[in-house]
Amino acid sequence: MDISNDTLLDLHHRMVRIRLFEEEAGKLQESGKVPGALHLYVGEEAVAAGVMSHLSAEDQITSTHRGHGHLVAKGGDLRKMYAELYGRSTGYCKGKGGSMHISDLDLGMLGANGIVGAGPPIAIGAAFSNKYRGTDRVTICFFGDGASNEGTFHEAANMAALFKLPVVFVCENNGFGEFTSQARHQAIKDVADRAAGYGMPGIITDGMDVLAVYEAAGEAIARARRGAGPSLLECKTYRFFDHVGVRGMGVVYREDAEVLEWRKRDPITLFESRLEEMGLLTTEAAAQVRERILFEIREAIAFAEASPFPAEGALMEDIYTVRGAAR
Amino acid sequence: MTTTEAPATRKLAYVSAINEALAQLMRSDPNIFIAGEDVGLYGSVFGVTRGLMKEFGENRVVDTPIAESGIMGLGLGAAATGLRPVIDIMFMDFIGVCMDEVVNQIAKMKYMFGGKATLPITIHTMAGGGMAMAAQHSQSLEAWFCHVPGLKVVMPSGPYEAKGLMIAAVRDDNPVIVVNTKTLLGMQAEVPEDMYEIPLGKAHVVRPGSNFTIIATGRMVGESLKAAEELAADGLDVEVIDPRTLQPFDTETCVASVRKTHRALIAHEAVRFGGIGAEIAAQIQEEAFDFLDMPVGRVGAPFAPVPFSPVLEKQYIPDAARVVAEVRRLLGRA
Ligand SMILES: Cc1ncc(C[n+]2csc(CCOP(=O)(O)OP(=O)(O)O)c2C)c(N)n1
C-alpha cells in the first residue's frame, strides 16, 4: 500500500484524539457536568480515522447517534464540541443539539442523528447533489449493524446503485444494536451481503485495523469519485463501553470475556505496535502525542465551562430561514 | 375485573404499574404478546417490560430488529388475524418512522374493508422532555393521532392511570395509542393489586373546584394541581380535570365543569399551536359560550423543536409556574 509516513502518523493522531475526547466526555458526564445521553465511540476509532483521512471538508458524511468520533476525525474543533456537550451557546449547534446531534455542516457533516437509519437517505441526497453539480465529491454514510435493519437503509442502497451515486455506505458493525446482539437481530453474519441485493460491491474489512480500513475505504471512495457508483464497506469492530455511558463490563447482554477478547485488539495499541515496528513511533513519542492532545482537551473543556449558556431569545431562533438570509 | 371487597393497594412507581398491567394481561390472555426493540432480554430501556420475557418466553415477548415500520405492520397483521399485540415504540418520536403503518393502515383497515376487521392492537410509547434528550427524543405528538379517525389515544397522568388505562387499552378491540411520559416513570402512587380498567373516553375530576377549570393532560395534571394550590391564595377554587383519554374525548365532563366555573384553561406539554388544547377550547366555546366569563386559555410549549441545553429546555417545557402566570394574565391579575 502506498501510504506516506505523515499519513500514518496522522491516522494515529486522529484515533488517539477520538479516544481521549471520548474518555474525557464520559468522565464529564459521570460527574454530572454534561447532561443527556452520550453514546461513546471508544473501540471503533479505526473506522472513523481510516475513512475520514481520505476526505476533505467538501466531502460530506452522515453520522449516527454515536457521532463524536466522526466529527473529531473530520477535523472538529474540540472546544466547540465540548461546548455543545455542555449545552453552551459556543457549541457547534449553539447548545440546541447536544451529543446526539453534534455536527458541523461547514465540515460537511450532515448531522449526527437521533433517529437510527436516518442517515442513508440523506447521504444519497447529498451524493445526488454532488453528481448533479458535476463535482467529484463523495458522501460517506456511517451506520450500524442495527441500522441496517431499517427500511431507510434498503431504500437508499437501491437508489444509490440505480442512480450510480458517489456514496460509500460504511457499516460500523460493532455486534450490537443497543442491547441486542447481531445474532439476535439479523439472520446474516455479514452486513456486506446486503450489497449484492442492490447491485453494488460489498466489502468486509477489519475495523480494528486502521490500515485495513484506510485501504478498503480508499478504493471505495476512489470508485465513487470516478463515477463508478456506490459500495458498501463493512467494518467489523466493537464498542468497548456500554451503549450509553462508559460502563462496558458487567452488563446483562454480553459476556465480560467477550469484551476482554476484543480489547486485546484495541485499534490504538495494535497500530502503535505496528508503527513501532516500522520505526515511526516510540513509547515516548506516543506519550507525547497523548500529552499534546490532553492539553488541547483541557483547554477545550475550560473554554466550554467558561462559555455562556444560550441567551433567552435563542429558543425561538433558527427555526425558519428568513428570506434573503439563506446561508 | 374489580373485586367486591376493598381492593388491596400499595404504592407503586409508574414504571412498575405498567409492568404489572402487562404481566397480568399476559397471564389472563394467551393471545397477548409484546413486540419491540429491547423489550425482551433487556426489559426495555425504560424498564417497563422487565421480567416479562423470563415469565412468558421469547415467543410472547419479542425482541425485534430496529425496524419500526416492520414492527408496527407485524402488529397490524397479527391483530387482523386474531392476536392481541402490544407494540412498543421506545420513544414517541420514532413513530415518525412508521407513520404509514399507523395512519394509513392500522387506522383505516376496518373502515376501508367494510367493517370486517377487528384490530385489538395497543401501541405503547414514551413522550415528553425534561431529560436533555433534544429534538428527536422529547416530543409530545399525541395531537397528531387524535386527528386520525380510527385511532384512540390515552395519556396517563400517574401510576394509577398508567395501569388502568393500559389494561383498558389492551382489552379494547380497537387500535389504542398509550402515550406515557418518561419523566413520570419514577412517580409513586397507590395502585390496586388486582386488574382494573379505567374506562376509555371518561375524564376524571382530580380536584373539585368552583370558580376555575383547568383541563390538563399527562405530566401537566400534577403541575396543574400545584398551580391550583398556589392560585388558592388568589381566592380561586380551581377544579382540575384529567381527560385521561384524548380520543374519544369526554367533552361532557369538561363542559359541565366550565358551566359551573365560567372560566377555563387547558394545559399540555405539547406545542401549543395545533395541540389538543385548541380542540378542547373550541369544544368548550361551542358548548358553553354563554357561560364563559373570559376567553378559554391555553398553556403549551412554544412553537419550537425541543432544545438540548437544559437552560433552554427549562424555558421550553410548561410547568406549574407557567400555568399560574397564564391564569393570572387571563384574569388581569398578572
Ligand atoms: C428510529 C429509531 N429507533 C430506535 C432508536 C433507539 N436506538 C438508539 S441507538 C440504537 C441502536 C443502534 O444500533 P446500531 O445501528 O448498530 O448502532 P450502534 O449503537 O451499535 O453504534 C437504538 C435502537 C432510535 N434512536 N431511532
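Keep in mind it's a predicted model, so treat the numbers as computed, not measured. (Residues numbered from 1 in each chain as written. Chains lettered and ligands numbered in written order. Predicted model: local features only at pLDDT ≥ 70, side-chain atom pairs only at ≥ 80, totals over all residues.)

Caption draft 1: Region of interest: the overall build of chain A. Across its full length, chain A holds 11 helices and 7 strands. For 327 residues, the compact-globule estimate of 2.2 N^0.38 gives 20 Å, and the C-alpha radius of gyration of chain A, at 19 Å, lies within 12% of that figure. Projecting the C-alpha coordinates of chain A onto the three principal axes gives extents of approximately 60 × 50 × 45 Å. Taken over 327 residues, chain A has a buried fraction of 53%. (Helix = DSSP H or I, 4+ residues; strand = E, 2+ residues; numbered from the N terminus. Rg over C-alpha atoms; globule rule 2.2 N^0.38 Å. Buried ≥ 20, exposed ≤ 12 C-beta atoms within 10 Å, placed from the backbone.)

Caption draft 2: View of the overall build of chain B. Looking only at helices and strands, chain B features 12 helices and 14 strands. Radius of gyration (C-alpha) of chain B: 20 Å, near the 20 Å computed for a compact globule of 334 residues. When its C-alpha atoms are laid out on the principal axes, chain B stretches across 60 × 50 × 45 Å. Within the span of chain B, comprising 334 residues, buried residues form 55% of the whole. In chain B, 78% of the contacts between residues at least 6 apart in sequence involve partners at least 24 apart. (Contact = placed C-beta atoms within 7 Å.)

Caption draft 3: Local environment of the site of the ligand. Around the ligand sit 22 residues, and of these Val116(A), Gly144(A), Gly146(A), Ala147(A) and Gly177(A) come closest. At the site occupied by the ligand, nearby residues are drawn from chains A and B. When its residues are assigned to classes, the shell around the ligand shows 8 nonpolar, 9 polar and 5 charged. (Near = placed C-beta within 6 Å. Nonpolar A, V, L, I, M, F, W, Y, C, P; charged D, E, K, R; others polar.)

Caption draft 4: Broad picture of unusual backbone geometry. A cis amide bond links Gln247(B) with the next residue in sequence, Pro248(B), at an omega value of 0°. Mapped onto the elements, Pro248(B) comes out in the loop between β12 (245–247) and α9 (251–261). For Lys164(A), which is not glycine, the phi torsion reads 50° and is therefore positive. Within the secondary structure, Lys164(A) sits in the loop between α6 (151–162) and β3 (167–173). Overall, Lys164(A) belongs to the partly exposed group, with 16 C-beta atoms counted inside 10 Å. At Asp318(A), a residue that is not glycine, the phi angle is positive and equals roughly 70°. Tracing the backbone shows Asp318(A) in the segment after α11 (283–306). Judged by the 13 C-beta atoms lying within 10 Å of it, Asp318(A) falls in the partly exposed class.

Caption draft 5: Main features of the domain arrangement of chain B. Residue and element names in this part refer to chain B. According to the domain assignment, chain B contains domain 1 (9–192) and domain 2 (204–330). Computed from C-alpha atoms alone, the centre-to-centre distance between domain 1 and domain 2 is 26 Å. Of all the elements in the fold, those that place two or more residues in the side of domain 1 that touches domain 2 are α6 (142–146), β6 (152–154) and α7 (159–171). Along the lines of polarity and charge, the residues of the side of domain 1 that touches domain 2 split into 11 nonpolar, 9 polar and 3 charged. (Domains from an automatic or database assignment.)

Caption draft 6: Seen up close, the interface of chain B and chain A. Taken together, the contact pairs 26 residues of chain B with 35 residues of chain A. Along the lines of polarity and charge, the residues of the side of chain B that touches chain A split into 18 nonpolar, 5 polar and 3 charged.

Caption draft 7: Molecular detail of the environment of Asp234(B). Of note, Asp234(B) is situated in the loop between α8 (219–232) and β11 (238–242). Taking the C-alpha atoms as reference points, Asp234(B) and Arg272(B), 38 residues apart in sequence, are found 26 Å from one another.

Caption draft 8: Inspection of the sheet that holds strand β7 (residues 176–181) of chain B at higher detail. Residue and element names in this part refer to chain B. Ordered in space as β3-β2-β4-β5-β7-β6-β12, the 7 strands form an open sheet in which the pairing is mixed. One side of each edge strand has no neighbouring strand; the edge strands of this open sheet are β3 (61–63) and β12. On average, each strand axis in the sheet is tilted by 20° relative to the strand beside it, whichever way the strands run. Note that strand β2 (residues 32–36) and β3 share 3 bridges and pair parallel. Note on β3: the bridge partner recorded for glycine 36 is aspartate 63. Along the sheet, α7 contacts β2, β4 (84–89), β5 (122–127), β6 and β7; its crossing angle with β7, the most-contacted strand, is approximately 165°. (Pairing = 2+ DSSP bridges. Axes fitted to C-alpha atoms, helices over the stretch in contact; angles between N-to-C directions.)

Caption draft 9: Highlighting the pairing of strand β14 (residues 297–301) of chain B. Residues and elements named next belong to chain B. Counting buried positions along β14 gives 5 out of 5 residues, so the element sits mostly inside the fold. With 4 bridges joining them, strand β13 (residues 264–271) and β14 adopt parallel strand pairing. Across the sheet, residue leucine 265 finds its bridge partner in β14, namely glycine 297. For the crossover that starts at β13, traverses helix α10 (residues 276–288) and ends in the parallel β14, the hand is right-handed. (Right-handed = clockwise from strand over helix to strand, strands pointing away.)

Caption draft 10: A look at the sheet that holds β11(B). Residues and elements named next belong to chain B. If you trace the 5 strands from one edge of the open sheet to the other, you get β9-β11-β10-β13-β14, paired in mixed fashion. Of all the strands in the sheet, the pair left with one neighbour each is β9 (204–207) and β14. Neighbour-to-neighbour, the strand axes of this sheet turn through a mean angle of 25°, independent of strand direction. The strands touched by α8 are β9, β10 (212–216), β11 and β13; relative to β11, the strand with the most contacts, the crossing angle is about 175°. Contacts from α10 reach β10, β13 and β14 within the one sheet, and its direction differs from that of β13 by about 160°.

Caption draft 11: Focus on the packing of helix α5 (residues 119–132) of chain A against α6(A). Residues and elements named next belong to chain A. One can describe the packing of α5 onto α6 by two numbers: an axis separation of 8 Å at closest approach and a directional angle of 20°. Judged by the angle between their axes, α5 and α6 are roughly parallel. Judged by residue contacts, Pro120, Pro121, Ala123, Ile124 and Ala127 of α5 engage Thr152, Phe153, Glu155, Ala156, Ala157, Met159 and Ala160 from α6. Split into classes, the residues belonging to the contact of α5 with α6 amount to 10 nonpolar, 1 polar and 1 charged. (Parallel < 35°, antiparallel > 145°, perpendicular 65-115°, else oblique.)

Caption draft 12: Summary view of the packing of helix α2 (residues 45–52) of chain A against helix α8 (residues 210–225) of chain A. Residue and element names in this part refer to chain A. With their axes 8 Å apart at the nearest point, α2 and α8 run at an angle of 40° to one another. Overall, the two elements α2 and α8 adopt an arrangement that is oblique. For the pair α2 and α8, the sense of crossing is right-handed. For the pair α2 and α8, the contacting residues are Ala46, Val47, Ala49, Gly50 and Val51 in the first and Val210, Val213, Tyr214 and Ala217 in the second. Residue classes in the contact of α2 with α8 are distributed as 8 nonpolar, 1 polar and no charged. (Left-handed = near helix turned anticlockwise from the far one by under 90°.)

Caption draft 13: The arrangement of the nonpolar core in detail. Counting residues in each nonpolar core, the largest one holds 195 residues, and the members touching the most others are Val167(A), Val168(A), Phe169(A), Val170(A), Met166(B) and Ile214(B). Taken together, domain 1 (9–192) and domain 2 (204–330) of chain B each give at least three residues to this core, which thus spans both. Ignoring sequence-local partners within four residues, the contact set of Val168(A) consists of Val138(A), Ile140(A), Ala220(A), Ile221(A), Ala224(A), Pro230(A), Ser231(A) and Leu233(A). (Core = buried A, V, L, I, M, F, W, Y, C linked by C-beta atoms within 7 Å.)

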